[in-house]
Amino acid sequence: MEHGNRPTACRKALAALILGATAFGAAAQTDAQFSQYYEVPSFYNPAAIGQSDNLRIRGGARLQWVGIDNAPQTFAGVADMPVKIGSKRIGVGLMLNQESQGLYKSLNIDAQIGYKFRKFGGEWTVGLGIGLYDQAFKGSEVYIPDDDDYHQGTDQGLPTSDIHGTGLDLGAGIWYRHPKFYAGISCTHINSPTVSMTAEGGGGASGAESVDRKYTFTADRTLYFMAGGNIPIKNTLFEIAPSLLVKSDFTFTTAEITARARYRKFISFGVGYRWNDAIIATVSAEIKNFFIGYSFDYATTAINRASSGSHEIFVGYSMKLDLGEKNKNRHKSVRLM
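Residues numbered from 1 in each chain as written. Predicted model: local features only at pLDDT ≥ 70, side-chain atom pairs only at ≥ 80, totals over all residues. Heavy atoms only, no water.

A closer look at the overall build of the protein chain
In step 1: When you go through the protein chain residue by residue, the secondary structure sums to two helices and 17 strands.
In step 2: Counting every position in the protein chain, which comprises 337 residues, the buried fraction comes to 45%.
In step 3: Carbon and sulfur atoms form 62% of the exposed surface of the protein chain, whose accessible area is close to 17,300 Å². (Helix = DSSP H or I, 4+ residues; strand = E, 2+ residues; numbered from the N terminus. Buried < 20%, exposed > 50% of the residue type's maximum accessible area, 1.4 Å probe, protein only. Areas by Shrake-Rupley, 256 points an atom, 1.4 Å probe, with all protein chains shown as cover.)

Observations concerning the nonpolar core
In step 1: Within the largest apolar cluster, 19 residues are counted, with the highest numbers of intra-cluster contacts made by Phe 34, Tyr 37, Phe 43, Tyr 44, Trp 175, Met 226 and Leu 245.
In step 2: Mapped by element, the contributors of at least two residues to this core are helix 2 (41-44), strand 2 (73-85) and strand 10 (222-229).
In step 3: With near-sequence residues (within four places) excluded, Trp 175 lies in contact with Pro 41, Asn 45, Ala 47, Ala 48, Gln 51, Glu 123, Trp 124, Thr 125, Tyr 182, Ala 183, Gly 184 and Met 226.
In step 4: By size, the runner-up hydrophobic cluster in this structure holds 11 residues, among which are Phe 137, Ile 163, Val 195 and Ala 219. (Core = buried A, V, L, I, M, F, W, Y, C linked by side-chain atoms within 4.5 Å. Contact = heavy atoms within 4.5 Å.)

Remarks on the pattern of salt bridges
In step 1: In total, this model carries 15 salt bridges according to the counting rule given.
In step 2: Here Glu 256 and Arg 274 are joined by a salt bridge, their closest N and O atoms 3.2 Å apart. Pair noted here: Glu 256 is in strand 13 (residues 253-263) and Arg 274 is in strand 14 (residues 267-274), with a separation of 18 residues, a long-range link. Note on accessibility: Glu 256 and Arg 274 belong to one class, buried. (Salt bridge = Lys/Arg side-chain N within 4 Å of Asp/Glu carboxyl O.)

A word on the side chain of Gln 64
In step 1: Position of Gln 64 relative to the elements: it lies in strand 1 (residues 54-66).
In step 2: On the accessibility criterion, Gln 64 (12% relative accessible area) is buried.
In step 3: Side chain to side chain, Gln 64 and Arg 62 meet in a polar contact 2.6 Å long.
In step 4: In this structure Gln 64 touches Gln 33, Ala 71, Pro 72 and Ser 310, once residues within four positions along its chain are discounted. (Polar contact = N/O pair within 3.5 Å; in protein donor to acceptor, adjacent residues only side chain to side chain.)

Some details on the packing of aromatic side chains
The description of two aromatic rings rests on the distance between their centres and on the angle between their planes.
In step 1: Taken as a whole and assessed by the stated rule, the structure comprises 16 aromatic pairs.
In step 2: With 5.8 Å between their ring centres and 50 degrees between their planes, Tyr 176 and Phe 181 make a pair best called tilted.
In step 3: Residue class for Tyr 176 comes out buried when judged on its relative accessible area of 11%.
In step 4: In this structure Phe 181 comes out as partly exposed when scored by relative accessible area, which is 36%.
In step 5: Every member of this aromatic cluster is reached through a ring pair, and the members are Tyr 115, Phe 117, Phe 120, Trp 124, Tyr 176 and Phe 181.
In step 6: The cationic tip of Lys 119 hangs over the ring face of Phe 120; the distance from NZ or CZ to the ring centre is 5.5 Å. (Phe/Tyr/Trp six-rings, centres within 6.5 Å; stacked < 30°, edge-to-face > 60°. Lys NZ or Arg CZ within 6 Å of the ring centre and 35° of its normal.)

What about a nonpolar patch on the surface?
In step 1: Judged by side-chain polarity, Ile 233, Leu 237, Phe 238, Tyr 263, Phe 269, Val 283, Ile 292, Tyr 294, Ile 313 and Val 315 come together as a nonpolar surface patch covering roughly 800 Å² of accessible area.
In step 2: Residue assignment for the nonpolar patch shows that the elements contributing at least two residues are strand 16 (290-299) and strand 17 (309-320).
In step 3: Within the fold, Tyr 294 resides in strand 16.
In step 4: Taking relative accessible area as the criterion, Tyr 294 reaches 32% and is therefore assigned partly exposed. (Patch = residues over 30% accessible without salt bridge, like charges linked within 9 Å, V, L, I, M, F, W, Y side chains within 5 Å.)

The values are spatial; any link to function lies outside them.
Listed below in structure tokens is the structure:
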């Protein structure tokens, strides 16, 4: 029956709008969420680059809340390497992130640079990220039934054409690496970039003049603290690698902690917990210079009634760089994998 199909159509429309339309004028935590955060530290902190004598590349995807229509799907890629300029050592890197969520898509590309110096038994890096933040909304796919009893079919607050905009994005951080541990603090979207988007007005009713409508999205300034290390287990081929990530947009704060065991510098497995959100299982392997890692999140909230969980996979490659025999900063790096 037509009446019986109406709630289904409405629910689908509202699901897309809830996941997508929050981009406009709403404050929400902006950066993507990764359970294998320890594999992509430069995603959160531009100072976490050039931490070894390797060109290091990681790329991966996350499928959030599988089973729920229009749930977030995220891709991220990072690459970094050290560079010697005279007697100085710096780090350079690149970060790319693309996320789709309902009718809403974002793209973030940052170039990163970090200045390194040694003090207190370890290496410090002060880093800066500068790039572009692009937001898009598929207004042409917005659909609300005209004959619905509870929702207006032509909502003037939503665009009916595809729109997007781009803004300048800045981030900064500091990172400390000791032979036994690492720690860093950073802030992404320091300038809190506001992206402006314009939807061209269509022909109004009764010959009314068309009027362009403007929409804005502001990326929240977000603070991060990350720490971790490696603890060899005496008389075994195992290492324990604990890590911690705390993030806050000054309205919402959360944290996750992970404990992994690494065997023969080849295979790692572990568990994690994200506060009030999920339990995480992870496994990874390193074969020569190649890396592959997988994690599964099981929600601890009511969302597990609708979703079978979240899946995440990362792959990577590391290549040794020759920085010269006289590199005074050459030393063992803390494993971030």
